[in-house]
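# Architecture and fold: a report
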Amino acid sequence: MSNIDPAPGYQPYNQPHNQPSGPERPVRQQATARRTALTVCTIADIAAGLLGLWILLFLLDANQANVFVEFVRGTADLLAWWSQDIFTMDTEGLRVVLNYGLPAVMYLLIGHGIAARLNRA
């Protein structure tokens, strides 16, 4: 056998131990970027999911005194603080859909946009 390359993952003898060899650095950076992008997507999806769940619970007239419903509403209020009362409709259901749906869509667009940009880097 005339293979002079070290086994994958091992440092060649002619390079210092603190610097990765050739293609290993970009692969490591890509893996980090992908993990970061996945984290950003997951956070955006969870935020949008909680907002969507609150819209669904409200439209289905869920028991507002229930602990789970209170948690979802409180979390949705925290996530949608900036969009509260942008739309003032006479119909309460439409008002909730618009005031909580807008931030859900924004979180999805911004989160997935950032993730796509990270994956390209």
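Quick summary incoming for the structure in this document. Remember, it's a predicted structure, so these values are computed and weren't measured experimentally. (Residues numbered from 1 in each chain as written. Predicted model: local features only at pLDDT ≥ 70, side-chain atom pairs only at ≥ 80, totals over all residues. Heavy atoms only, no water.)

### Looking at the side chain of Asn99
Our working definition: Going along the chain from the N terminus, every DSSP run of H or I of four or more residues is numbered as a helix, and every run of E of two or more is numbered as a strand. We call two residues in contact when some of their heavy atoms are within 4.5 Å.
Among the secondary structure elements, Asn99 is positioned in helix 3 (residues 92-120). Apart from the residues within four sequence positions on either side, Asn99 is in contact with Ala80, Ser83, Asp85, Ile86 and Phe87.

### What about the nonpolar core?
Nonpolar side chains tend to gather and get buried jointly when the protein is soluble and globular. Under the convention used in this document: Residues enter a nonpolar core if they are buried and are Ala, Val, Leu, Ile, Met, Phe, Trp, Tyr or Cys, with the set joined through side-chain atoms within 4.5 Å. Each residue is assigned to one of three classes by its accessible area relative to the maximum for its type, calculated with a 1.4 Å probe on protein chains only: buried under 20%, partly exposed between the two thresholds, exposed over 50%.
Judged by nonpolar contacts, the single largest core of 13 residues is most densely connected at Leu51, Trp54, Leu57, Val69, Ala76, Val96 and Tyr100. Contributing elements (two or more residues each) for this core: helix 1 (24-59), helix 2 (67-79) and helix 3. The greatest single-element share of this core, amounting to 5 residues, is contributed by helix 1. Setting aside anything within four residues of it in sequence, one finds Leu51 in contact with Ala76, Leu79, Ala80, Tyr100, Pro103, Ala104 and Tyr107.

### Here's the deal with the pattern of salt bridges
Rule in force here: Whenever a carboxyl oxygen of Asp or Glu lies within 4 Å of a side-chain nitrogen of Lys or Arg, that contact is scored as a salt bridge.
Evaluation of the coordinates by the stated rule reveals 3 salt bridges. Put simply, Asp77 and Arg73 hold a salt bridge, and the shortest N to O gap is 3.8 Å. Pair noted here: Asp77 and Arg73 are both in helix 2, with a separation of 4 residues, about one helical turn. Note on Asp77: relative accessible area 28%, which makes it partly exposed. A salt bridge links Asp85 to Arg95; the shortest N-O distance between them is 3.9 Å. You can see Asp85 sitting in the loop between helix 2 and helix 3 and its partner Arg95 sitting in helix 3, a full 10 residues away along the chain. You can call Arg95 buried: its relative accessible area is 17%. Via salt bridges that share partners, Asp85, Glu92 and Arg95 belong to a single interconnected network.

### Focus on the packing of aromatic side chains
Let me state the cut-off plainly: Whether two aromatic rings pair depends on their centres lying within 6.5 Å, for rings of Phe, Tyr and Trp, where Trp uses its six-membered ring; planes under 30 degrees apart make the pair stacked, over 60 edge-to-face, and the rest tilted.
In this structure the tally under the stated criterion is 2 aromatic pairs. When the ring of Trp54 is compared with that of Phe58, the centres are 5.8 Å apart and the planes differ by 55°; the resulting orientation is tilted. Note that Trp54 and Phe58 are positioned in helix 1 at a spacing of 4 residues, about one turn of the helix. Centre to centre, the rings of Trp54 and Tyr100 are 6.4 Å apart; their planes meet at 75°, and the pair counts as edge-to-face. With Trp54 in helix 1 and Tyr100 in helix 3, this residue pair connects regions lying 46 residues apart in the sequence. Accessibility classification places Trp54 together with Tyr100 in one group, the buried group.

None of this, on its own, says anything about what the molecule does.
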